[in-house]
Amino acid sequence: MATITHLSETKPNVSIEELLAGFHPSYRFGEVSFNTYRPDPSQPSQTEAVNKLKAFAETVGKKDSGSFLTKLFGKKKETKNGIYLDGGFGVGKTHLLASLWHAAPGRKAFGTFVEYTNLVGALSFRQTVDVLSQYSLVCIDEFELDDPGDTVLMSRLMRELSDAGVKLAATSNTLPGALGEGRFAAVDFQREIKTLSEQFDVHRVEGEDFRHRGLPDAPVPLEDQQIEGFAEERYPNKTLAVDHFDQLVAHLSQVHPSRYRQLLSETDALVLHNVDTITDQAIALRFVVLADRLYDKDVPIIASGKPFSELFTPEMMSGGYQKKYYRAVSRLTALAREGQIGEPAI
Ligand SMILES: Nc1ncnc2c1ncn2[C@@H]1O[C@H](COP(=O)(O)OP(=O)(O)OP(=O)(O)O)[C@@H](O)[C@H]1O
Ligand SMILES: [Mg+2]
């Protein structure tokens, strides 16, 4: 018998320790390593990325090797405290970043850009610096610099951590020097981006999307009255979260996004009634965070209503946050294909 719960009635309470304990690679990347990454022989930048990251892992936890004299006379350090992997969709950036995390010694944190901004929101800037300064490596996946406030915040955090001897590794789809370009012209913002990019050795990873899928088709929708029975049959003995889309969306605005991981802690599969298009940007961005957490945990979805390709409005899908929305639709669709047609979501 499946156990039924409701996300919209779950109020996760998370301590600082629990919050920090979540900063490790997700289930999907829990076992990856440099050995399971298969570089494409026609893309030399992939093998180079592995070599650079292996060398970088060797420097983690070691104090700055510059002698007193070289420091005194200001000789430039050869190696930077950060490494930054740039590249398109699905070239294996997260896989490589997680492999670095697994290979590096000491205390280390792994999270997305959004998770770190949420951490600062939950702990305060000072406390976040104090806590993360104890780490030897901080990995930031999916660096996003489309919000000037968050950029300044993260830039300061990176600088303080780097000064404290913490090694930094990040990934994005855009070069740090070009991030946010064309969207905000504020002088302050550009200055922050420059400072940020100076702390990282940038390596571009070329290649095709390993998943070989752009936006796969949504599975054929199920009738609303079918979905619970379908889910119980497919996932007997599992814990199913059964929710109405509107109620779940309303509940998401009551729970801090840093707690969404905890919100899903008991969920093996999600049964979602009457999915509809979200028209409010703030709510849509929260749903993006939920989608990331569902994908991290590989929670299959069985849904009725509109397909996830219609979750966001056309304006959202072509606006400033389009990359986030596109990613969320791609991930939710993969999870729905897994839930409804049994195709594993990679
Ligand atoms: N060279 C590779 N060898 C083995 N597995 C790979 C390789 N590249 C990617 N993968 C696998 O393909 C999937 C997508 O890769 P990953 O998520 O690391 O890409 P990404 O560049 O971070 O993409 P995104 O832009 O969506 O974040 C993962 O399951 C990953 O383990
Ligand atoms: Mg990734």
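Residues numbered from 1 in each chain as written. Chains lettered and ligands numbered in written order. Predicted model: local features only at pLDDT ≥ 70, side-chain atom pairs only at ≥ 80, totals over all residues.

Draft legend 1. Structural context of the overall build of the protein. On a plain count of helices and strands, the protein comes out with 14 helices and nine strands. Out of the 346 residues belonging to the protein, those deemed buried represent 38%. (Helix = DSSP H or I, 4+ residues; strand = E, 2+ residues; numbered from the N terminus. Buried ≥ 20, exposed ≤ 12 C-beta atoms within 10 Å, placed from the backbone.)

Draft legend 2. Structural detail: the sheet that holds strand 9 (residues 301-305). Taken together, the four strands give an open sheet; going across it, the order is 1-7-8-9, and neighbouring strands pair in parallel fashion. In the strand order of this sheet, the two ends are held by strand 1 (3-5) and strand 9, each with one partner. Within this sheet the neighbouring strands show an average axis-to-axis angle of 20°, counted without direction. Sheet analysis places strand 1 next to strand 7 (residues 239-244), joined by three bridges and oriented parallel. Looking at the pairing, I4 lines up with L240 of strand 7. Contacting strand 7, strand 8 (269-275) and strand 9, helix 10 (residues 245-252) crosses the sheet at an angle of about 95° to strand 7. Along the sheet, helix 14 (residues 322-341) makes contact with strand 8 and strand 9, crossing strand 9 at roughly 100°. (Pairing = 2+ DSSP bridges. Axes fitted to C-alpha atoms, helices over the stretch in contact; angles between N-to-C directions. Contact = placed C-beta atoms within 7 Å.)

Draft legend 3. Structural context of the site of ligand 1. Of all residues adjacent to ligand 1, which total 17 residues, the nearest are G92, K93, T94, H95 and F210. Grouping the amino acids of the shell around ligand 1 by side-chain chemistry returns seven nonpolar, seven polar and three charged. (Near = placed C-beta within 6 Å. Nonpolar A, V, L, I, M, F, W, Y, C, P; charged D, E, K, R; others polar.)

Draft legend 4. Quick peek at the nonpolar core. Within the largest apolar cluster, 42 residues are counted, with the highest numbers of intra-cluster contacts made by V271, F287, A291, I301, L332 and L335. Among the elements of the structure, helix 9 (227-234), strand 7, helix 10, helix 11 (260-263), strand 8, helix 12 (281-297), strand 9 and helix 14 are those that each provide at least two residues to this core. If you tally residues by element for this core, the top one is helix 12, at eight residues. With residues up to four places along the chain from it excluded, the contact list for F287 reads V249, L252, I278 and A328. Counting residues in hydrophobic clusters, the runner-up holds 38 residues, among them F56, F110, V120 and Y135. (Core = buried A, V, L, I, M, F, W, Y, C linked by C-beta atoms within 7 Å.)

Draft legend 5. Here's a closer look at the sheet that holds strand 6 (residues 200-205). The strand order across the open sheet formed by five strands is 3-4-5-2-6, and the pairing between neighbours is parallel. At either end of the open sheet lies a strand with only one pairing partner, and these are strand 3 (108-112) and strand 6. In this sheet, neighbouring strand axes are inclined to one another by 15° on average, regardless of whether the strands run parallel or antiparallel. By the bridge criterion, four bridges tie strand 4 (residues 137-141) to strand 5 (residues 167-172) in an arrangement that is parallel.

Draft legend 6. Highlighting the pairing of strand 9. Of the pairings in the sheet, the one linking strand 8 to strand 9 comprises four bridges and is parallel in character. Of the residues in strand 9, the one forming a bridge with V271 is I302. Once you follow strand 8 into helix 12 and on to strand 9, the crossover reads as right-handed. (Right-handed = clockwise from strand over helix to strand, strands pointing away.)

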